[in-house]
Amino acid sequence: MFRHNTLRYGALVLLAAGAVAHAVTAGYFGLEILTEILILAILVLALDIVAGFGGMVSLCHGALMGVGAYAFALLSTKAGISVPLSMVAAVAITGAGAWVVGAVCARSHGIYFIMATLAFGQMAYSYVFEAPVFGGDDGLGGISRPDLSLVGIDLDDSRSFALFCLAALTLVYGAAVITLRSGLGRSLSGVMHNAQRMRALGLTVWRVKADIFGVSGMIAGLAGVLAAQHSMYISPGLLNWTVSGEALVVVILGGLGTLVGPLVGAAAFVVLKHEVSALTSYWHLVVGSILIAVVLSRANGIFGWVEARWGAKLDRRLADSTRGTEAQEVTGDA
Amino acid sequence: MDLGFWTLQALNALQLSMLLFLLSIGLTVIFGLMHFVNLAHGSLYALGAYFGASLAATGGYWTGFFLAPVAVMAVGLVLYTLLIRRMRKSGPMAQVLVTFGLIFALLDLTRIVWGDLGLPMNAPEILSGRVAFLGVEYPAYRLFVVALGLGVFAALAYVLSRTQIGAMIRAGVDNDAMAACLGINVERLFFIVFCVGCALAGLAGTVAAPLLSVTPDMGLHILIPTLIVIVVGGLGSLKGAIAGSLIYGFVQTFGAVLAPQLASMLIYGFLAAVLVIKPAGLFPAKG
């Protein structure tokens, strides 16, 4: 089950404080980057739930995000439904789609699961690319942000929109923690460690996987809705498998299965991307090398590495205080 | 839409299938034997095209044709000693990620060496015309690609089913621990198969270069079709690779002709259906 420790709380407080401070002080370009980080963070949270806590490495989360974005754009611009209602509907549609994908793929494992999700993701990508209603290669424009003028907030201002995304991320993080601590989340970690045993206990394994995939899809859909509102324009490129691959890279860079780590990863990834792109056009070479180095180091990403070091330090302190007698039993909850 | 039209489409489909076969056979046997997911296989194909185009520019087409696979094999050797040998024991997730990183790195390395613009590569003089074949005029070079694919398939089928090393590879795919107990040096076998797989990827790249434009992202574009081929066909088997390639080639080509709107979705739908009905593919190496 997912637990917070002091380090995780500390990192969350630091991240939140940093985001708020940045949102208040930064200029236009800084705010755009912050919003990009926040939306990516929502997407990678969705991916970490399935990959880190359910062992379901999905390569269709980029496509799910795209489905959310397109559903929102179509409902709000073409069908004439109000913006808040379209947001809810888009999240629901993406969740339902993800549930179906999860249910179909639940039987596959390992590389086959990766390939199956890839197939569904690319299927959505090709469909959006081909069908005229989605605007094809040209994408869709004229997407509007929610109107919060009733409470005196103008979301067309990039500062308020960044704060709006931060609020959404906070909500999503809370929802993710609640989901992982619920009965469903506990069943999921049981399924990840031993599906056979869970089946013997009378659990319908595919239902658990599909339900979690649905929840994760709703979160990815929300990321898509916010991404559409952020750039006010969407194109099929959003659904391409490389987006899913990048999301997976962010989760790994941050720390798989830590929930806090992917947030750190998202911030590091976007900042690195902008910094490196300013220096050289070979940004992929840098991120590729870093990815290889991180995986070869066998650390669980940036946050996982810090957590392991921190856990080791705690152990050593405990071992010193108890003269090494019971220290073996008190290992860190990494 | 007369008979000639359909013959033409069938030949196009066959040519695409053979290109995919050259690429997927290396990948599928590496996976079957080593349980190694090498997403960077597509990048080796792109490297093959670049080596081929550069060598052809200096020494003519055939220099590129024969030397590019050797050069790609050398790159494969470096990757094997530096990275892949270390990743052998880690899970599929780590392998996918490391080779995903490798795709990124190799993509930019080709951009640094050869630039962003596409490279031209011409078919050799002798194969540049069109020939009459089954009542249609068809480019000779494309027929050469089909013949080459069929030739490689026949050679591999012979080696795998009739020679001692083929028997050793089949034993290794079936049960590597047992094969090792029987005195087969499975590690060396892996190494040989990996080199041959890389060389075939390089060959596919060189052969594809005159047909498609040689661009840095060509490896990324071919990766997904290759993965579809090996997953549909079943990992680790020659029969699966050829069947998967043919299915992909024909579904893609005829889909584009008969239902252009659905063409690109058709093959993904087919893949999803195969994974649901037969999760291990149509002709898996292990029963």
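Treat the numbers as computed from the prediction; the structure is a model and nothing was measured.

Q: How would you sum up the layout of surface pockets? Please name residues and give values.
A: Here the largest pocket defines a volume of roughly 830 Å³. Elements represented by at least two residues in the lining of the largest pocket include exactly α5 (110-130) and α10 (241-254) of chain A together with α1 (3-34), α9 (218-233), α10 (238-258) and α11 (263-277) of chain B. Tallying contributions element by element places α9(B) first for the lining of the largest pocket, with six residues. Lining the second largest pocket are 31 residues, and of these A:A51, A:V57, A:L256, B:M93 and B:A94 lie nearest its centre. Broken down by element, the lining of the second largest pocket gets its largest block of residues, four residues, from helix α4 (residues 92-114) of chain B. Residue classes in the lining of the second largest pocket are distributed as 18 nonpolar, 11 polar and two charged.

Q: Quick one: what's the story with the UniProt feature "transmembrane region" (unreviewed entry) in chain A, residue by residue and with numbers?
A: Residues and elements named next belong to chain A. The feature "transmembrane region" (unreviewed entry), as annotated in UniProt, sits at residues 33-50, 57-75, 81-104, 111-129, 161-184, 205-227, 247-270 and 282-306 in this numbering. Structurally, residues 81-104 is divided into 92% helix and 0% strand, and its ends, taken at the C-alpha atoms, are 31 Å apart. Between the end C-alpha atoms of residues 161-184 the distance is 33 Å, and the span holds 96% helix and 0% strand.

Q: I'd like a description of the nonpolar core, backed by residues and values.
A: Note on soluble globular proteins: their nonpolar side chains tend to be buried together. By size, the foremost hydrophobic cluster in this structure holds 183 residues, and its most contacted members are A:I111, A:Y173, A:F213, A:L259 and B:M34. A total of 17 residues in this core trace back to one element, the largest contributor, which is helix α2 (residues 28-54) of chain A. Among residues more than four places away in sequence, those in contact with A:Y173 are A:F2, A:H4, A:L12, A:L45, A:L259, A:V260 and A:L263. Counting 20 residues, the second largest nonpolar core, distinct from the first, contains A:A69, A:A73, A:L74 and A:A90.

Q: Describe the pairing of strand β2 (residues 136-139) of chain B, with residues and values.
A: All names here are of chain B. By the alternation rule, side chains of β2 split into V136 and Y138, which are all buried, and E137 and P139, of which none is buried. Both strand β1 (residues 130-133) and β2 contribute to a ladder of four bridges, which runs antiparallel. The residue of β2 that forms the bridge with V131 is Y138. Between β1 and β2, which pair antiparallel one after the other, the connecting turn spans two residues, and L134 there sits at a positive phi close to 50°.

Q: Tell me about the interface of chain A and chain B, and please be specific about residues and values.
A: Contacts between the two partners involve 38 residues from chain A, matched on the other side by 41 residues from chain B. In total, about 3600 Å² of surface goes out of reach between chain A and chain B, with carbon and sulfur atoms giving 80% of it. When the area that chain A buries against chain B is broken down by residue, the three leading residues are A:Y112, A:M115 and A:W241, summing to 17%. Put simply, chain A and chain B have zero salt bridges between them. On the surface where chain A and chain B come into contact, there are four residue pairs in polar contact (both at pLDDT 80 or more).

Q: Kindly report on the packing of helix α6 (residues 158-181) of chain A against helix α7 (residues 183-193) of chain A, identifying the contributing residues and their values.
A: Residue and element names in this part refer to chain A. Put simply, α6 and α7 touch, their axes get as near as 4 Å, and they point 65° apart. The angle between α6 and α7 falls in the class roughly perpendicular. Contacts between α6 and α7 involve T179, L180 and R181 from the first element and G183, L184, G185 and R186 from the second. A breakdown of the residues in the contact of α6 with α7 according to their chemical character gives two nonpolar, three polar and two charged.

Q: I'd love a proper account of a nonpolar patch on the surface, names of residues and values included.
A: All names here are of chain B. The grouping of Y158, V159, I165, I192 and V196 at the surface amounts to a nonpolar patch, some 390 Å² of accessible area in total. Residue placement: V159 occurs in helix α5 (residues 140-162). On the basis of relative accessibility, which here comes to 31%, the residue V159 falls in the partly exposed class.

Q: A description of helix α8 (residues 186-208) of chain B should follow, citing residues and the corresponding values.
A: The first and last C-alpha atoms of α8(B) sit 32 Å apart over 23 residues, in line with the 33 Å expected at 1.5 Å per residue. With respect to burial, α8(B) is a largely interior element, 18 of its 23 residues being buried.

Q: Residue-level account of helix α12 (residues 283-296) of chain A, with values.
A: Here α12(A) spans 20 Å end to end across 14 residues, near enough to the 20 Å set by a 1.5 Å rise per residue. Taken together, the buried positions of α12(A) are A:W283, A:V287, A:G288, A:L291, A:I292, A:V294 and A:V295. Within α12(A), the buried residues cover an arc of 165° as seen down the axis, which keeps them to one side. Looking at the packing, one finds that the buried side of α12(A) touches α10, α11 (260-279) and α13 (301-321) of chain A together with α3 (61-87) and α4 of chain B. Downstream of α12(A) by one or two residues, A:R298 has phi in the positive range, about 65°.

Q: Please give an account of empty space enclosed by the protein that cites residues and values.
A: Enumeration according to the criterion identifies four cavities of 30 Å³ or more in this entry. Reported here for the largest cavity is a volume of approximately 90 Å³. Considering the residues around the largest cavity, the lining is formed by A:L59, A:I111, A:I114, A:M115, A:L118, A:W241, B:V37, B:L39, B:V96, B:L223, B:I224 and B:L227. Contributing elements (two or more residues each) for the lining of the largest cavity: α5 of chain A together with α9 of chain B. Here the lining of the largest cavity takes four residues from α5(A), the largest share from any one element.

Quick notes on the rules
- Residues numbered from 1 in each chain as written.
- Chains lettered and ligands numbered in written order.
- Predicted model: local features only at pLDDT ≥ 70, side-chain atom pairs only at ≥ 80, totals over all residues.
- Heavy atoms only, no water.
- 1 Å grid on protein atoms, 1.4 Å probe; cavity = no way out; pocket = protein on both sides within 12 Å on 5 of 7 lines; lining within 4 Å.
- Points joined across faces, edges and corners; volume = space filled by probe spheres on them.
- Helix = DSSP H or I, 4+ residues; strand = E, 2+ residues; numbered from the N terminus.
- Nonpolar A, V, L, I, M, F, W, Y, C, P; charged D, E, K, R; others polar.
- UniProt positions renumbered as here; feature names shortened; annotations may be inferred.
- Core = buried A, V, L, I, M, F, W, Y, C linked by side-chain atoms within 4.5 Å.
- Buried < 20%, exposed > 50% of the residue type's maximum accessible area, 1.4 Å probe, protein only.
- Contact = heavy atoms within 4.5 Å.
- Pairing = 2+ DSSP bridges.
- Buried area = accessible area lost by both parts, 1.4 Å probe.
- Salt bridge = Lys/Arg side-chain N within 4 Å of Asp/Glu carboxyl O.
- Polar contact = N/O pair within 3.5 Å; in protein donor to acceptor, adjacent residues only side chain to side chain.
- Axes fitted to C-alpha atoms, helices over the stretch in contact; angles between N-to-C directions.
- Parallel < 35°, antiparallel > 145°, perpendicular 65-115°, else oblique.
- Patch = residues over 30% accessible without salt bridge, like charges linked within 9 Å, V, L, I, M, F, W, Y side chains within 5 Å.
- Areas by Shrake-Rupley, 256 points an atom, 1.4 Å probe, with all protein chains shown as cover.
- Expected span 1.5 Å × (residues − 1).
- Arc of directions from axis to C-beta.

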